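# Coordinate analysis (summary)
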Amino acid sequence: MIAEIGHYALVLALLLAFIQGVLPIAGVRLRDNALAGTGEPLAIAQFCFVALSFAALTACYVTSDFSVFNVFQNSHSAMPLLYKFTSVWGNHEGSMLLWVLILAFFGALVALFGGNLPAALRASVLGVQAWIAISFLLFVLLTSNPFVRLAPAPFEGRDLNPLLQDIGLALHPPFLYLGYVGFSIAFAFAVAALIEGRIDAAWARWVRPWTLAAWIFLTLGIALGSYWAYYELGWGGWWFWDPVENASFLPWLSGTALLHSAVVMEKREALKVWTILLAILTFSLSLVGTFLVRSGVLTSVHAFATDPARGVFILTILIVFIGGALALYAWRAPLLRQGGVFAPISREGALVFNNLFLTVACATVFIGTLYPLALEALTGDKISVGAPFFNATFIPLALPLLFAMPFGPLLAWKRGDLYGAAQRLIAAFAIAILVGAATAALTKGGAILAPFAIGLAVFVMAGALTDVVERAQLFRQPWPVAWRRLVGLPRSAFGTALAHFALGVTLIGIVCESYFTAERISTIRPGDTVAISGYEISFDGLVARQGPNYREVSGKLIVRRNGDVVGMLTPGKRTFPARGNSTSEAALLTRGFSQIYVSLGDPNPDGSAAMRIYHKPMVLLIWLGALLMAGGGLLSLSDRRLRVGAPKPAKKTALQPAQ
Amino acid sequence: MTLWLVLFLMTAAAIFAVLWPLSRHGAVRRSGSDIAVYRDQLAEIERDLAAGLIGAAEAEAARVEVSRRLLAAAGTSGVHAQGVDRPRALWHRRVAALAALVLMPAGAAVLYLMLGSPFLAGAPFAGRQDVPFEQRSIESMVAQVESHLEKNPQDGRGWEVLAPVYMRLGRFEDAVKARRNAVRLLGATPAREADLGEALAAAANGIVTAEAKAAFDRALAGDRDNVKAQYFAGLAAEQDGRAADAARIWRTLLQTAPVNAGYRTLIEDSLARVDSGAAAPNPGADDIAAAESLSPKQRAEFVRGMVERLAARLKSDGSDAEAWLRLVRAYLVLGEAEQARSAARDARNAVAGDAEKIKRLDDGLRRLGIEG
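Residues numbered from 1 in each chain as written. Chains lettered and ligands numbered in written order. Predicted model: local features only at pLDDT ≥ 70, side-chain atom pairs only at ≥ 80, totals over all residues. Heavy atoms only, no water.

Moving on, we get to the pattern of salt bridges. Scanning the entire structure with this criterion turns up 37 salt bridges over all chains. A salt bridge links Glu552(A) to Arg545(A); the nearest nitrogen and oxygen atoms lie 2.6 Å apart. Assessed through its relative accessible area of 7%, Glu552(A) is described here as buried. Exposure remark for Arg545(A): the relative accessible area of 43% places this residue in the partly exposed category. Residue Asp195(B) pairs with Lys228(B) through a salt bridge whose shortest N-O separation is 2.6 Å. Taken together, the residues Asp195(B) in helix H9 (residues 190-203) and Lys228(B) in helix H11 (residues 227-239) connect sequence positions 33 residues apart. Of the residues examined, Asp195(B) reaches a relative accessible area of 19% and is grouped as buried. Look at Lys228(B) and you get partly exposed, because its relative accessible area is 27%. Here the salt bridges do not stand alone but share partners, grouping Arg268(A), Glu269(A), Lys272(A), Glu348(A), Glu65(B) and Arg69(B) into one network. (Salt bridge = Lys/Arg side-chain N within 4 Å of Asp/Glu carboxyl O. Buried < 20%, exposed > 50% of the residue type's maximum accessible area, 1.4 Å probe, protein only. Helix = DSSP H or I, 4+ residues; strand = E, 2+ residues; numbered from the N terminus.)

What follows covers a nonpolar patch on the surface. A grouping of Ile448(A), Leu449(A), Phe452(A) and Tyr515(A) is seen on the molecular surface, where their side chains present a nonpolar patch of about 450 Å² in accessible area. Accessibility expressed as a relative area gives 40% for Leu449(A), which makes it partly exposed. (Patch = residues over 30% accessible without salt bridge, like charges linked within 9 Å, V, L, I, M, F, W, Y side chains within 5 Å. Areas by Shrake-Rupley, 256 points an atom, 1.4 Å probe, with all protein chains shown as cover.)

What follows concerns the pairing of strand E10 (residues 609-616) of chain A. A regular strand places its side chains on the two faces of the sheet in alternate fashion. Residues and elements named next belong to chain A. Most of E10 is tucked away, with six of its eight residues classed as buried. By the bridge criterion, seven bridges tie strand E1 (residues 518-524) to E10 in an arrangement that is antiparallel. Paired with Ile524 across the strands is Ala609, a residue of E10. Alignment of strand E9 (residues 594-603) against E10, held across seven bridges, turns out to be antiparallel. Bridge pairing in E10 places Val598 opposite Ile613. From the end of E9 to the start of E10, which pair antiparallel, there are five residues, and Gly607 there has a positive phi angle of about 90 degrees. (Pairing = 2+ DSSP bridges.)

Put into structure tokens, the structure is as follows:
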């Protein structure tokens, strides 16, 4: 009965979405207050019904109701309770239901917290949002229905893919979807603005928290996914330029660009048309990502099922929404009034620079991801575009962007003083040179790029601190004054500095992991000792263990440094009989920001085992940086104050229009 | 009945979600405006100026810009902000209410009846544990024992109990696994070895493979009178084309069998089968007929069973040059050229002392396309 309640709730949600897609927009068109006002209660009701549906599916999983086909295929009665919850979205149908749930959640948030929006804009946003919900609810109900039943119920389920039986599944998909789907709000705002034909600085103010929230979640989602792949796949890599990873990185790049261009729009009312386009593109890239991952075009751990009908359905959604929004854009954008003017060397100019590089980088990744697929579809040739392509294209684009980053916040609005900014960055630059030189001296014979990249990272971090120091005039004013200024700084200023600083942190992690990782791959007998980066790792032998729904063979390794025991590692190999496959469980020992990483290969009959042992210096900084970035976003989001870009007047008294 | 009541209440709640906002005419609805945003921006400039974050000249310039925006917004707000506040036509709301009252329940009912299974009760795992023993399906009981063995793979008794059930269900591969585990964990006895052989033969579509034959041999070594092992030894002989041996084994078995033994008919039938075709030399006509009635996959397994037995026999007694040639040909038919070549080498070694046989072997091999 619970499954049927969930199924019916989903059907009701679809019909409510239909009404929500028609009445509020009709209300705006007919200028009818009552009709336009139906949007918010409907959005909340729609969310309640989708949530009920999701809760019903969860209940079916927790009680192992194998009369539900989806539960039968992806669960097992002996699975630990946590995985019974997480396996709700550890499969295609359930994960699409989560997608729809989060979409409805954001709709309800707009309804509840959109009080500062003009009623007409709010109604239009909810209407557009409803049309996205309709298409995905139809997709779930018609092609990916998680409530399909089986009679009679099988006694035991087929278990969840062992790779997904991990705490990572509890966190990564919900965060990633919150990010993906969160950008639907920015999209809905953009389309609503185009329908109304009216867009100004206030629009950017209203859309800011939604974009920021989505960006924070997406950042966390990508970082979690990366860390999960790092410890679960057993290869010690944290980013593979895999199409599925790129699918999440694309909206992040364009979302980051959107975040910055929206600042310009809010403060100076410039870049309006461009910002609208970015809002449309960002959500479009989220949809492309969903299409790539969910259609079965790509085979990976994310492709739960391959069914051409689903691919065609999502492709249709894609074409209708992206095509429709871009057509609307082409039609209405020329009608929008252009806003403030600015000189090339100015805060706006720096943000345009940022946008230029971010979008070109985004386009590069897009081409690298989709070109092989398009080629295979058209000619049948299989080519592989991997890390070499992305390293050769993405990194040259990222380097100038990173170098320019500290300059941006130091430039004044409208017209800036590049020389002055450079002067203020002298200290940061000096520190960067010192650290780079020190790195080069300490690591003789390494890659020439490594000290340079570390210097760049330090420059980015020191530059972010310089921004705060300069704003507070820490070393120019007497301490009490400087302190007052520091406390008086808006939280968004700290948010910006923290997020920029965090990028430097991540960069250090990436550089150290790429250039200074030590690796040993060998077959080790019990009693043997392997030395790596100053650690001695001795193998004590293999132990077999019975888990709730798997058998595990794990190795016991003792890690010593200068003879003192610093920890124990137990990498394992798990065999899951229900599906007949196995996973490797890497063991990690964290020392500061560095990690020792051991993954177990196949054990031999004589008790020896092949092992991959890595020492990865500073590797945790990669994800710590991502966390700090999200933290910066959160700080900025918590800033209730408004942003005004006070333009620096020209030296002459009259305001000159400058290009 | 409860389900329909719940579904009805849910529909009612959904209808209410549409009708309620339509009834709120006259209620003041919150509505922000861009004017508020620009007023806040002006206030922000004053705050920044007071905190010394921007200079007086910059603040003045910013004030001018924001004021322009404010004026522009105030100019359009006549249309914009009050755009949805016009006196409302009643028919708008009537149409909307009608849609909620009629179209939504109807649409939901149609869609749900198309997609849902309202008459199917749920079957949570815990609930199914309480079903009385007699009402449980054999599959569910097997699954229960399996999950027990999953947690306690060292329980030999469990494997032994499960094995005959697997045999009855036709899950022969699983039966082989269970029998092997029983032998391993509880120790080898003639009866267990014979059972293992039986499972192996069943898994090979009734062919007594070399591995099965070995199990029966072990059983007979421990207990010469093991009925099952004797019967299958006869069957192996028959399948090898040694009908006379088969008949002899089965006759002995019949003589020692109790008068009322259930297996007498099986053995009498088998005897009748080999006696009628006793003249036929190796691979019995029956076998060939049987092979022809099999599916391609079964036939391949059938052939493989015979080949394995032939190879095992030649390993212990390699004096028959004709049999060697049959083996080489069989490997070639199966597409295993490497095996065929290695068998040819073994054959030469085995018949090395006999010039006559070497000549016959070489002729035969040349005809098969394997040069010496």
